[in-house]
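# Close look at the chain arrangement
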Amino acid sequence: MDPEVDPESGELLGIGAFAARARLSAKALRLYDRLGLLAPARVDEVTGYRSYRTGQVERARTVALLRQLDMPLARIAEVLDADDGAAASDRLAAYWADVEARIAGQRTLAEFLRGRLSGRSSEMYGKFAVETVDVPQQVLITETRHTLADELPAWIGAALERLERGATECGGVAGVPFVAYHAEVSMESDGPAEACVPVADEAAARAWAEARGRAWETTVRVEPAQRLAYTRITKAQVAHPQILAAFEAVEQWMAAEGLVAAGPCREVYFADWEAAGAEDPVCDVAFPVR
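Residues numbered from 1 in each chain as written. Predicted model: local features only at pLDDT ≥ 70, side-chain atom pairs only at ≥ 80, totals over all residues. Heavy atoms only, no water.

## Side note on the packing of helix α1 (residues 15-22) against helix α3 (residues 57-68)
Where we set the bar: Note on definitions: angles span 0 to 180 degrees between N-to-C directions of axes, and those axes are lines fitted to C-alpha atoms, for helices only across the stretch in contact. The way it works is that DSSP assigns letters per residue, a run of H or I at least four long becomes a helix, a run of E at least two long becomes a strand, and they are numbered from the N terminus. By definition in this entry, angles of less than 35 degrees are roughly parallel, angles greater than 145 are roughly antiparallel, angles of 65 to 115 are roughly perpendicular, and the rest are oblique. Definitions for this section: a left-handed crossing has its near helix turned counterclockwise from the far helix by less than a right angle. A right-handed crossing has that turn clockwise. Should any heavy atoms of two residues lie within 4.5 Å, those residues are counted as being in contact. Each residue is assigned to one class: nonpolar for Ala, Val, Leu, Ile, Met, Phe, Trp, Tyr, Cys and Pro, charged for Asp, Glu, Lys and Arg, and polar for all the others, Gly among them.
Packing of α1 against α3 leaves a shortest axis separation of 9 Å and a crossing angle of 60 degrees. Judged on the interaxial angle alone, α3 and α1 are oblique. Every pair of crossing elements has a handedness; the one defined by α1 and α3 is right-handed. Contact with α1, carried on its side by Phe18, Arg21 and Ala22, involves Val57, Ala60 and Arg61 of α3 and no other residues of that element. In terms of residue class, the contact of α1 with α3 is built from four nonpolar, no polar and two charged.

Right, here's the structure in full:
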């Protein structure tokens, strides 16, 4: 039976006619109804027949277009439920920034794997410019964790944030934060990794660690002056396993220069991670050398 015309809401369309106008399948409309993205204007209590207002066509087409961006349904709901068009646009922009960051990371990973599979590792390493820098003695507050590669990014961010907050009681941050790796961190090996923040006041740092360090597994140590061999990488290149290419490039350069590692390798985070784009330099991959 054809749906009635509601004089207050305008013409009502059956699910087939509405699907044709919206360029969606009836199956998709039922799914979007279940997920709360696009509810029918009316559902017949006896037959279950679904009817839609013509004014819902634009929302339906928006859902279809967002799906063409491979946007998850939960993110689509966030866009559609925004308070106004500007807020919806901002949510779409945030989603697309995430997509571009993921694609940049995947592009870097593909280049890494192509180099590995084709045996062109030396050519791949040549893309990294390696230099040395002398670093003065530093007082460090540190947090150590055994962690696998998939858990590492979240832990690094949280640990450095905790340590930087703690540094306010230790004379302030006195250098660039970094993460040192005392053993391999991969999907099979859990390190440990050590998050480190240089601080200005050693005595204050030791008092702070004594008071709070036990709960955070935090310690204080003094790292001697040393020379680092390093290469600078982008935010997209930081992801595992493509970051391994940067570490291997530095190791290859060290061997060619007759240098040997004098301590654990590290990632030195000198930029604002949240503000950086996928192609912005954010990190130095480094080895202490002698």
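There is more to say after this.
## Some thoughts on the pairing of strand β6 (residues 178-181)
The condition is simple: Per-residue accessibility, obtained with a 1.4 Å probe over protein chains only, is compared with the maximum for each type, and a residue is labelled buried under 20%, exposed over 50%, and partly exposed between these values. Here a strand pair is declared whenever DSSP counts at least two bridges between the two strands.
Along β6, one buried face is formed by Phe178 and Ala180 and the opposite face, lined by Val179 and Tyr181, is buried too. Where β6 lies against strand β7 (residues 193-199), four bridges are found, and the strand directions are antiparallel. Bridged to valine 179 within β7 is alanine 195. Relative to strand β10 (residues 265-269), β6 is paired through four bridges, and the arrangement is antiparallel. By the bridge assignment for β10, valine 179 is matched with glutamate 267.

## Regarding the packing of aromatic side chains
Stated formally: Put simply, two rings from Phe, Tyr or Trp (the six-membered ring, in Trp's case) pair if the centres are within 6.5 Å, and we call them stacked under 30 degrees between planes, edge-to-face over 60, tilted for the rest. Here, a charge over a ring is recorded when the distance from Lys NZ or Arg CZ to the ring centre is within 6 Å and its angle to the ring normal is within 35 degrees.
One pass over the structure, following the stated rule, counts five aromatic pairs. With a centroid separation of 4.3 Å and 10 degrees between ring planes, the pair formed by phenylalanine 18 and tyrosine 52 is classed as stacked. Linking phenylalanine 18 in helix α1 with tyrosine 52 in strand β3 (residues 50-53), this pair joins segments that are 34 residues apart in sequence. Seen in terms of ring centroids, tyrosine 269 and tryptophan 273 are 6.2 Å apart; in terms of plane orientation they differ by 75 degrees. Their pairing is edge-to-face. With relative accessibility at 34%, the residue tryptophan 273 sits in the partly exposed group. Clustering of aromatic rings is evident, with ring pairs tying together Tyr181, Phe247 and Phe287. The positively charged end of arginine 232 is found above the aromatic ring belonging to phenylalanine 270, 4.1 Å away from the centroid.

## Quick look at the sheet that holds strand β1 (residues 12-14)
What links the strands of a sheet is backbone hydrogen bonding, and the strands pair in either a parallel or an antiparallel sense. Sheet architecture is open: three strands sit in the order β1-β3-β2, paired in antiparallel fashion. On the outer flanks of this sheet lie β1 and β2 (42-43), each paired with one strand and no other. Relative to β3, β1 runs antiparallel, the two being bridged by three bridges. From the neighbouring strand, leucine 12 faces β3, where its bridge partner is arginine 53. Across the sheet, α1 is in contact with β1 and β3; its angle to β1 comes to roughly 100 degrees.

## Things to note about the sheet that holds β6
Sheet architecture is open: eight strands sit in the order β4-β9-β11-β10-β6-β7-β5-β8, paired in antiparallel fashion. Looking along the sheet, the strands with just one partner apiece sit at the ends: β4 (130-135) and β8 (218-223). Averaged over all neighbouring strand pairs, the angle between strand axes comes to 30 degrees, with direction disregarded. Sheet strands touched by helix α7 (residues 152-167): β5 (138-145), β6, β7, β8 and β10. Its angle to β7, the strand with the most contacts, is close to 25 degrees.

## Let's talk about the pairing of strand β11 (residues 281-289)
In terms of residue burial, β11 counts as a mostly covered element, since eight of its nine residues are buried. Sheet topology note: the strand β9 (residues 226-234)/β11 ladder contains eight bridges and is antiparallel. Looking at β11, one finds that arginine 227 is bridged to valine 289. One ladder, built from four bridges, connects β10 with β11; its direction is antiparallel. Bridge pairing in β11 links valine 268 to aspartate 284.

## Some points on the pattern of salt bridges
Under the convention used in this document: Whenever Lys or Arg places a side-chain nitrogen within 4 Å of a carboxyl oxygen from Asp or Glu, that contact is recorded as a salt bridge.
In the structure shown here, the tally under the stated rule is 14 salt bridges. For aspartate 33, the salt bridge goes to arginine 50, with nearest N and O atoms at 2.4 Å. Here aspartate 33, found in helix α2 (residues 26-34), pairs with arginine 50, found in strand β3; they are 17 residues apart in sequence, far enough to count as distant. Given the relative accessible area of 21%, aspartate 33 is considered partly exposed. On the accessibility criterion, arginine 50 (21% relative accessible area) is partly exposed. Between aspartate 98 and arginine 75 there is a salt bridge, with the nearest N and O atoms lying 3.5 Å from each other. With a gap of 23 residues between them, aspartate 98 in helix α5 (residues 85-118) and arginine 75 in helix α4 (residues 73-80) connect regions that are remote in the sequence. The exposure class of aspartate 98 is partly exposed, given its relative accessible area of 42%. Assessed through its relative accessible area of 23%, arginine 75 is described here as partly exposed. Bridged by salt links that share partners, the residues Glu194, Arg221, Glu223 and Arg266 form one connected network.

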